[in-house]
Structures are given as C-alpha cells and as structure tokens.
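What follows is each chain in one-letter form.
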Amino acid sequence: MFSCCVTSPEKLAERKAKYLLGNVDKLDEDLQQWLQKEASQCQLIEHHKKRKNGAIKDNDTTNQSDALDIALSPDQENTRDSSIPDVQNALEIAPDNAHLFSPISSAPVGMRDRQTYRMWKAMIELSESFICKTHITDIPKTLHFFPLETYDIPNLDDFNINGMNFLQFLAKFLEVFFPGLTVIHEDLFDINIHMNDVITSRVHKVTGKKQFLVRDLYCNLHKSTKVPYRHYILGLTWTDLYPKEELNFVLGEASSGSKCAVLGFGRYEPMTFKEGDEVELMMDGALLWQLLRVASHETTHLFGIKHCMFFSCAMNESKSVRAALDQPLFLCPVCLRKLQKVLGFDIRKRYIDLLELCTAVQNSYPSPQLNQSVEWLKRCVASLSDPAHR
C-alpha cells in the first residue's frame, strides 16, 4: 500500500509567496547557501582577473572559483545545461583581450534587489501553474509582433536592410536575438480605431502632446487582438507612453504576467523638451539603436527576467532615456543563462547570427553604440571559437 503527501493549497500559496516576494531568509537551506555563495561573485571576478594576469599564483587556492561557476551554478537536475560551457568561455579573460563582461559594482549587490538564476527558475515554475511545478522548457515560445499605429516618419518607406523593410527587419532582429522564439509579424492593428474606448490617454502638461497609459495597452491587447493568452505580444506605437499619472514618460513597459510588452516611439521626452520644439522624427542610426535596445529589453522581461544587478547588461535598470540608450545591447552571463534555459538555443551560433545582422545594420544606419556592439561581438565570437576555450 502506497501513501502520498498532498500539499494543501495554503502551503502552496505560502511557498509561492516566499519565492515571489524574494524573502531569502525563509527559502530552503540549499537555495540559501547558493545565494550566499553567489553574493561574493564580484570579488571572485576580480580575483579571477588577478590570477589570469599573474598577480596571484596558481597554487593560491583561496577563492579560485571562476566567476561563472557562481553566476552559472548548475541545477540539481538529472542533466546539466549543454550550453553552459560556452557561456563560461565567453567570460574567460584572454591574454590580449579585455574583459567581455564587467561587474556593475565592486561590492556584492544586495540580496533584496537581485534575481539569481535559481530565484528566476523557481518563480517561473511556480507562476506558470499554481498547483504543480511547470518545466521551464514547456512554456510558450510564440511572440506576436503588432504595429499598433501607422507611422509618420518621412524616410521610413525607403528603409532597406538586406531587402527587408522596417517592420520586417524588426521582426527578424527579434528572431535572431531570441532564437527558438517563433515571431509572428502581424498586420497593423490600429489602437486608435479598435481600442479607443479602453485606453486612457492624456495631454502632457509640459509637451502638450498626447500620451497613452501603457498599462491599458498590455492589459487589453490579448482580448482585443484575440491572440491566445498563452502567447506573447509585442506592440509598437508611435505615440508617447506614460506608466502612471505621477510619472512623465516611458519608452516601453512589459508585464510578464500579462505576457505583453509595448514600445512607444513618440518624440517628446518631457525631461528634455523645450517650449516650441517640434521634432520631425527621422529614421537614422540613433533611432534604430533606440528601437533595438528597447525592443530586446522589454521582450526579455516577458520571460520573467528582472533588471540585472550583476554585470553591465542589457537588462540593467535605467532612470532616464539617456541611461537606457548607453547600456549594452547584450545580456550578461546570468541573464543569458535564464533566456537560454527557456529557448534552448546554441549560444555561439546566436552570437554569430547577431554579428552578421548588426554588421548589416551598421553598414546602412551607423551609430557609435552599434559600432561598439559589433566590435564586442567580434571579440565574443573569437573567444568562443578559440580552441583553447573549447
């Protein structure tokens, strides 16, 4: 005779709350120990760098763990992620090469404000199903990309990268940045016609320009477009957005719970607006960089990946548009592992495909930020292609 222990709904709710609230003091002992180990990763990176440069002898075994053994600590599962060695190689410090990933602080970040791989994994598994744990690889992998308004950019009809128009290119970029994600390029869904009765809007007191409340968009797009609720939506509008009444402006916002993200590319940022400004939006390298940065950042949020507190990363939090645009286009190893776990892509091939696409963009719509990205990708691919690292 067999017996089983059924966890009560109250216990399940309590367990789920512990993970979602990030109360690390009440997590299980194994996770607690892992978090404590990971907390010293910044010092380990510095130690790793000194050891590589010969400042610390090889027989000094104090804290000689590679930084990515911390950031990419393996799951206690039957199999290890096959891609992890490639991520580890990407962080190695080649003799004549600069560090590919830089920690954002010389001291460990606080426990409360960070999301480790293990914390993310637990959150995803519990949030997908309240009753039983969901395997991460089983979650949906389809994104519907919707233009939400007609554009009024004079030179956008002339846009051409590898034979693709602007919207085709943006969908292609999403496919390359998120390999394993099926991106469906939908026809125009004009929210001014189909959702006018459910979207809150305002005229900003400084700019005098219309803004949409972004929450009304991501909370209603599935119902309005009739996209299955298990699928993701990314919407693009050319009207400015605001997150709540007391705040000015936002380039984009995502809700992993609603499985929807919206990007707003108007032109009147209140913090830099001057009376009398009338800006004619033109497609150039600066605007395209802004689109790629925000589209990749907000889409990554859809997978439950929060702002990064570990390295200089595409998922760093920003307090201004300038800060957001100065951040890198690429994910750090901690965030990359989360994304790879969901989509199951080959990391080296992803970097090679990104290099090819970003080079094409730089040739047609150059910008200093994209040029830096291309150079970084070359170093990264070279590092992953080095036989010594394979």
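To be clear, the structure that these remarks concern was listed above.
Criteria and cut-off values
- Residues numbered from 1 in each chain as written.
- Predicted model: local features only at pLDDT ≥ 70, side-chain atom pairs only at ≥ 80, totals over all residues.
- Heavy atoms only, no water.
- 1 Å grid on protein atoms, 1.4 Å probe; cavity = no way out; pocket = protein on both sides within 12 Å on 5 of 7 lines; lining within 4 Å.
- Points joined across faces, edges and corners; volume = space filled by probe spheres on them.
- Helix = DSSP H or I, 4+ residues; strand = E, 2+ residues; numbered from the N terminus.
- Nonpolar A, V, L, I, M, F, W, Y, C, P; charged D, E, K, R; others polar.
- Salt bridge = Lys/Arg side-chain N within 4 Å of Asp/Glu carboxyl O.
- Buried < 20%, exposed > 50% of the residue type's maximum accessible area, 1.4 Å probe, protein only.
- Phe/Tyr/Trp six-rings, centres within 6.5 Å; stacked < 30°, edge-to-face > 60°.
- Pairing = 2+ DSSP bridges.
- Axes fitted to C-alpha atoms, helices over the stretch in contact; angles between N-to-C directions.
- Parallel < 35°, antiparallel > 145°, perpendicular 65-115°, else oblique.
- Left-handed = near helix turned anticlockwise from the far one by under 90°.
- Contact = heavy atoms within 4.5 Å.
- Core = buried A, V, L, I, M, F, W, Y, C linked by side-chain atoms within 4.5 Å.

Trainee: Before we go on, may I ask you to explain the layout of surface pockets in this structure?
Mentor: Gaps between atoms show up when a probe of the same size as a water molecule is rolled over them. Roughly 940 Å³ of volume is contained in the largest pocket. Forming the boundary of the largest pocket are 31 residues, of which Val-250, Gly-252, Glu-298, His-307 and Ser-318 lie nearest the centre. Every element with two or more residues in the lining of the largest pocket is listed here: β7 (252-255), α10 (285-301) and α11 (321-326). By residue number, the principal contributor to the lining of the largest pocket is α10, which donates five residues. Here the lining of the largest pocket is built from residues that sort into 12 nonpolar, 12 polar and seven charged.

Trainee: Before we go on, may I ask you to explain the pattern of salt bridges in this structure?
Mentor: If the charged atoms of two oppositely charged side chains come close together, the side chains can form a pair. Overall, the coordinates contain five salt bridges when judged by the stated rule. With its nearest N and O atoms 2.8 Å apart, the salt bridge here joins Lys-121 to Glu-125. Separated by four residues within a single helix, Lys-121 and Glu-125 lie in helix α6 (residues 117-128), roughly one turn from each other. Exposure class is identical for Lys-121 and Glu-125. Each is buried.

Trainee: When you look at the packing of aromatic side chains in this model, what are you seeing that I'm missing?
Mentor: Within a pair of aromatic rings, the relevant descriptors are the distance that separates the centres and the angle that separates the planes. Evaluation of the coordinates by the stated rule reveals 14 aromatic pairs. With a centroid separation of 5.7 Å and an interplanar angle of 40°, the aromatic rings of Tyr-117 and Trp-120 are classed as tilted. Note that Tyr-117 and Trp-120 are positioned in helix α6 at a spacing of three residues, about one turn of the helix. We classify Tyr-117 as buried; its relative accessible area is 0%. When its relative accessible area of 0% is taken as the criterion, Trp-120 is described as buried.

Trainee: Can you walk me through the sheet that holds strand β4 (residues 210-213) in this structure?
Mentor: The strands making up a sheet are joined through hydrogen bonds of the backbone, oriented either antiparallel or parallel. Spatial ordering of the open sheet is given by β3-β4-β6, a layout of three strands whose pairing is mixed. The open sheet is flanked by β3 (201-203) and β6 (240-242), the only strands paired with a single partner. Strand after strand, the sheet turns through a mean of 40° between neighbouring axes, direction not considered. Here three bridges tie β3 to β4, and the two strands are oriented antiparallel to one another. Across the sheet, residue Val-203 finds its bridge partner in β4, namely Lys-210.

Trainee: How should I be thinking about the packing of helix α13 (residues 347-364) against helix α14 (residues 368-385) in this particular structure?
Mentor: Packed helix pairs are specified by the crossing angle of their axes together with the interaxial distance, meaning the distance between the axes. Two numbers describe how α13 lies on α14: the axes approach to 9 Å, and their chain directions differ by 150°. In this view, α13 runs roughly antiparallel relative to α14, as classed from their interaxial angle. The chirality of how α13 crosses α14 is left-handed. Side by side, α13 and α14 meet where Arg-348, Tyr-351, Ile-352, Leu-354, Leu-355, Cys-358, Thr-359, Val-361 and Gln-362 of the first sit next to Leu-370, Asn-371, Val-374, Trp-376, Leu-377, Lys-378, Cys-380, Val-381, Leu-384 and Ser-385 of the second. Within the contact of α13 with α14, the residues separate by chemical class into 13 nonpolar, four polar and two charged.

Trainee: What is the right way to read the sheet that holds strand β5 (residues 232-237) from this model?
Mentor: As summarised here, the arrangement of the five strands in space is β2-β1-β5-β8-β7, forming an open sheet in which the pairing is mixed. Looking at strand neighbours, the two that pair on one side only are β2 (182-185) and β7, the edges of this open sheet. Taking the axes of each pair of neighbouring strands and ignoring which way they run, one obtains an average angle of 15° across the sheet. For β5 and strand β8 (residues 260-264), the ladder comprises five bridges, and the chain directions are parallel. Across the sheet, Leu-234 pairs through a bridge with Ala-261, a residue of β8. Across the sheet, helix α9 (residues 214-225) lies against β1 (142-147), β5, β7 and β8, angled at about 125° from β8, the strand it touches most. In this fold α10 packs onto β1, β5, β7 and β8, with an angle of close to 15° to the strand it touches most, β7.

Trainee: Explain the environment of Ile-191 here, please?
Mentor: Mapping Ile-191 onto the fold places it in helix α8 (residues 191-194). Separated by 42 residues in the primary sequence, Ile-191 and Glu-149 place their C-alpha atoms 6.6 Å from one another. Once residues lying within four places of it in the same chain are set aside, the contact partners of Ile-191 are Leu-148, Glu-149, Asn-196, Ile-199, Phe-212, Leu-217 and Thr-237.

Trainee: Before we go on, may I ask you to explain the environment of Thr-225 in this structure?
Mentor: With respect to the helices, strands and loops of the structure, Thr-225 is situated in helix α9. Classification of Thr-225 by relative accessible area gives buried; the value is 16%.

Trainee: Looking at this structure, how should I read the nonpolar core?
Mentor: The tendency in soluble globular proteins is for nonpolar side chains to be buried as a group. Residues Phe-166, Phe-169, Leu-236, Met-283, Leu-288 and Tyr-351 are the most contacted members of the largest nonpolar core, which totals 83 residues. With nine residues, the single largest contributor to this core is helix α7 (residues 166-177). In terms of nonpolar packing, the next biggest core, distinct from the first, is built from 17 residues, Phe-212, Ile-233, Leu-241 and Val-250 among them.

Trainee: Explain unusual backbone geometry to me, please; I cannot follow it from the model alone.
Mentor: Most of the time, phi is negative for any residue but glycine, and the peptide bond is trans. At Lys-226, a residue that is not glycine, the phi angle is positive and equals roughly 65°. Its location among the elements puts Lys-226 in the loop between α9 and β5. A positive phi angle, close to 55°, is found at Lys-259, a residue other than glycine. In this structure, Lys-259 sits in the loop between β7 and β8.

Trainee: So what exactly am I meant to see when it comes to the pairing of β4 here?
Mentor: Following β3, the chain reverses through six residues before pairing antiparallel with β4; Gly-208 in that reversal takes a positive phi of roughly 70°. Where β4 lies against β6, three bridges are found, and the strand directions are parallel. In the sheet register, Phe-212 faces β6, and the bridge partner there is Leu-241.

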